Amino acid sequence: RNKVQQVVHLRRAGFAFAVLGRAFVLHFPHAKSASKEKWLHSSAHRNVEKLYATFENEIAQAYASTSQRTPLCHERNKSM
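Residues numbered from 1 in each chain as written. Predicted model: local features only at pLDDT ≥ 70, side-chain atom pairs only at ≥ 80, totals over all residues. Heavy atoms only, no water.

Asks: In this structure, what is going on with the side chain of Thr 70? I would like to understand it.
Replies: Within the element layout of this structure, Thr 70 appears in the loop between helix H3 (43–62) and helix H4 (73–78). A residue is classified by how much of its surface remains accessible, and Thr 70, at 17% relative accessible area, is buried. Within the local environment of Thr 70, its side chain forms a polar contact with the backbone nitrogen of Phe 17, the two atoms lying 3.0 Å apart. (Helix = DSSP H or I, 4+ residues; strand = E, 2+ residues; numbered from the N terminus. Buried < 20%, exposed > 50% of the residue type's maximum accessible area, 1.4 Å probe, protein only. Polar contact = N/O pair within 3.5 Å; in protein donor to acceptor, adjacent residues only side chain to side chain.)

Asks: Before we go on, may I ask you to explain unusual backbone geometry in this structure?
Replies: Phi is mostly negative for residues that are not glycine, and the peptide bonds are mostly trans. You will see that Arg 22, though not glycine, has its phi angle at about 60 degrees, which is positive. Tracing the backbone shows Arg 22 in the loop between helix H1 (2–12) and helix H2 (34–40). Here Arg 22 falls in the exposed class, since its relative accessible area comes to 89%.

Right, dumping it as structure tokens:
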């Protein structure tokens, strides 16, 4: 979740994101495994999810007065 937290923090802080031509990013999801299934149903995973929710609330409060320069996809679609 640390990569996601970094992007969320930058977005809330008012940074703008842009699409760059002739550049790309690849994301390969982790292969399905018994370990991942075990993790998804563990108390440790539930704790991480709770911590992330706390992080989101703290960031929202910290940057409540900052205008968001990059809308989320569902926010952008509403304005179109």
